[in-house]
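The chain contents come next:
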Amino acid sequence: MAAEHLDVIIVGAGLSGIGMACHLTHTCPDKRFVVLEKRAAMGGTWDLFRYPGIRSDSDMFTFGYKFRPWNELQVLAGGDAIRNYIRDTAEEFRVTDRIRFNTATESADWSSEHKRWTVTTSDAVSGEQKIYTCNFLVGCTGYYNYEAGYLPQFPGVENFRGTCIHPQHWPTDLDYAGKKVVVIGSGATAVTLVPAMAETAAHVTMLQRSPSYIFSVPGHDSISEVLGKFLPQKWVYHMARKRNILMQRWIYKAAKRWPDKTRKVLLNGVSKKLDDQSNMRHFTPSYNPWDERLCAVPDADLFEAINQGKASVVTDHIETFTEHGIRLKSGQELEADIIITATGLQMQLLGGMQLSLDGEPCELNKQMTYKAVMMQNVPNMAWILGYTNAPWTLKADMASLYICRLIKHMDQHGKQVAVPLDQHGHAEDDSIMGSLQSGYVQRANAILPRQGRALPWRILNNYEQDAVLLLKESLEDDILTFDPPAATKHSADQAA
């Protein structure tokens, strides 16, 4: 089977993959590349998830690409708007024709002899295999499994006579008008679903084991609207983006430095939105702010649904599913026609692609990440992982620019291989997610790559420092090694 050779292969046509392709088109216009996408459409998360009310959980001025302004005034945009934004960006930068849809990337093997990757794919419809080779490989698949979300083993679930749905697989024909709905979960998906479904459902109950921090943000950017009457649109966008980045960074830093005060501010914000203060027990977490991600709701829509009696929150543990709903350990029974299991994601690296070096499996959980973009002992490969404590795209944009800088640097200096090598034994047991306590992170801790005790092996999750590390620091250091004389396979064996 003849292989098609490219300079660069990008895996994934979601927000990160399209961004990477646009940066590559602009910065390295001579490079031949394709984007391999398993699904039939671009958009990634924003094409996969179709549940009611789906929206960004970050403001769009910072969630959008820096190189292509988000010029609408809706702060937390809906899934349809984000999909259109990604597609329009791909069209504008002429990368749509480079996407190979319905192409599942099964494996990638690095050859030290030939200094290239061999990527094996299969057609998602016919199953037919196709082989590609490339000089540089970029993973843009996010960090969760698109095939299945996380679903705990609920006792008695087989007894329930109603409809049970995971949001990751939302049926297009689901009619919930006038129905009693229970949404299990308290994260971003749950707080989005509840007010959206409450508009037409008989009643929606959010059932949670423990509360999350939830705060309200304006649904409409009135500041930018006013400024737009006097200033050029481009100025307004950059002002809003800078303002929101500063605000987000300040909130995160305040939460880490003054957790008790930040907690008080967040809880006071909820208290002002609730008519019945007895509901505060459902919005008072036991952990500090930013030990898990905060949940944003536009114009207090969740609290409004509760105040209007269209929705309610129950904090308890499930004893068993019954024929007509859920019985809780307190003895309370929740009647339901529909149960939504908004119980989280199942993490997966590189979209399930199997990675190997000279035919030997590469265990990513035994490698550290270099500047959170490349992988220890893995040549000519990068991955794009956005922020967990800020809008994803802030980091994705910088990572894409760093990869383009590296590719240009290698061309200019006649280098074929770039591989980060740990010469000083910096490895530690912390995963790349650090101290984040979210359930999906803890469940996947064993499969995640590691961090090191010092830069550039540490994950910063710090926009200001990452901007220097990725965009300004020299590409030459004593860790990122160009054209190493020793075989990469030998280096990887030693590390393991």
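These remarks concern the structure in this document. Nothing here was measured: the structure is a model prediction, and the numbers come from that model.

Criteria and cut-off values
Residues numbered from 1 in each chain as written. Predicted model: local features only at pLDDT ≥ 70, side-chain atom pairs only at ≥ 80, totals over all residues. Heavy atoms only, no water. Axes fitted to C-alpha atoms, helices over the stretch in contact; angles between N-to-C directions. Helix = DSSP H or I, 4+ residues; strand = E, 2+ residues; numbered from the N terminus. Parallel < 35°, antiparallel > 145°, perpendicular 65-115°, else oblique. Left-handed = near helix turned anticlockwise from the far one by under 90°. Contact = heavy atoms within 4.5 Å. Core = buried A, V, L, I, M, F, W, Y, C linked by side-chain atoms within 4.5 Å. Buried < 20%, exposed > 50% of the residue type's maximum accessible area, 1.4 Å probe, protein only. Expected span 1.5 Å × (residues − 1). Polar contact = N/O pair within 3.5 Å; in protein donor to acceptor, adjacent residues only side chain to side chain. Pairing = 2+ DSSP bridges. Phe/Tyr/Trp six-rings, centres within 6.5 Å; stacked < 30°, edge-to-face > 60°. Salt bridge = Lys/Arg side-chain N within 4 Å of Asp/Glu carboxyl O.

**Quick word on the packing of helix α1 (residues 15–27) against helix α4 (residues 79–92)**
Helix packing geometry: the angle between the two helix axes and the distance between the axes.
Now for step 1: Packing of α1 against α4 brings their axes to within 10 Å, and their N-to-C directions diverge by 20 degrees. Here α4 runs roughly parallel to α1, going by the angle between their axes. Here α1 runs over α4; the crossing is left-handed. Residue-level inspection shows Leu15, Ile18 and Cys22 of α1 in contact with α4, the latter providing Ile86, Thr89 and Ala90.

**Comments concerning the nonpolar core**
Now for step 1: Judged by nonpolar contacts, the single largest core of 138 residues is most densely connected at Ile9, Ile10, Trp117, Leu137 and Leu355.
Now for step 2: The biggest single contributor to this core is helix α10 (residues 392–412), with 11 residues.
Now for step 3: Discounting chain neighbours no more than four positions away, the residues touching Ile9 are Val34, Leu36, Val119, Tyr132, Thr133, Cys134, Phe136, Leu137 and Val138.
Now for step 4: Within the second largest apolar cluster, 13 residues are counted, among which are Val182, Ile318, Ile326 and Ala336.

**Focus: helix α7 (residues 233–257)**
Now for step 1: If you check α7, its first and last C-alpha atoms are 36 Å apart, about what 25 residues at 1.5 Å a residue would give, namely 36 Å.
Now for step 2: Taken together, the buried positions of α7 are Val236, Tyr237, Ala240, Arg241, Asn244, Ile245, Arg249, Tyr252, Ala254 and Ala255.
Now for step 3: Its buried side turned inward, α7 meets α3 (60–63), α6 (222–227), α8 (259–273), α10 and α12 (463–471).

**What about the environment of Ser356?**
Now for step 1: Turning to its location among the elements, Ser356 is positioned in strand β17 (residues 354–357).
Now for step 2: It is 7.9 Å that separates the C-alpha atoms of Ser356 and Ser107, two residues lying 249 residues apart in sequence.
Now for step 3: With sequence-adjacent residues up to four places away left out, Ser356 is seen in contact with Ala108, Asp109, Trp110, Trp117, Pro361 and Cys362.
Now for step 4: Of note is the side chain of Ser356, whose polar atom sits 2.6 Å from the side chain of Asp109.

**Section: the sheet that holds strand β13 (residues 318–322)**
Now for step 1: If you walk across this open sheet you meet the three strands as β13-β14-β15, and the pairing is antiparallel. Each of the sheet's edge strands pairs with one partner strand only, and the pair in question is β13 and β15 (333–335). Strand-to-strand twist of the sheet, defined as the mean angle between neighbouring strand axes without regard to direction, takes the value 20 degrees.
Now for step 2: One ladder, built from four bridges, connects β13 with strand β14 (residues 325–328); its direction is antiparallel. Counted as the bridge partner of Thr322 is Gly325 from β14.

**Considerations on the side chain of Thr141**
Now for step 1: Turning to its location among the elements, Thr141 is positioned in the loop between β6 (129–139) and β7 (163–165).
Now for step 2: The class for Thr141 is buried, based on a relative accessible area of 16%.
Now for step 3: Within the local environment of Thr141, its side chain forms a polar contact with the backbone nitrogen of Gly351, the two atoms lying 3.1 Å apart.
Now for step 4: Once residues within four sequence positions are removed from consideration, Thr141 is found in contact with Val11, Tyr146, Leu350 and Gly351.

**Section: the packing of aromatic side chains**
Now for step 1: Applying the stated rule across the entire model yields 17 aromatic pairs.
Now for step 2: Through pairs of rings, three or more aromatic residues link up here, namely Tyr65, Phe67, Trp70, Tyr85 and Phe93.

**What about the pattern of salt bridges?**
Now for step 1: The final tally for this structure, using the stated rule, is 20 salt bridges.
Now for step 2: Here Arg39 and Asp47 are joined by a salt bridge, their closest N and O atoms 2.6 Å apart.
Now for step 3: Overall, Arg39 belongs to the partly exposed group, its relative accessible area being 24%.
Now for step 4: For Arg249, the salt bridge identified is with Glu464, shortest N-O distance 3.1 Å. Of this pair, Arg249 sits in helix α7 while Glu464 sits in helix α12, placing them 215 residues apart in sequence.

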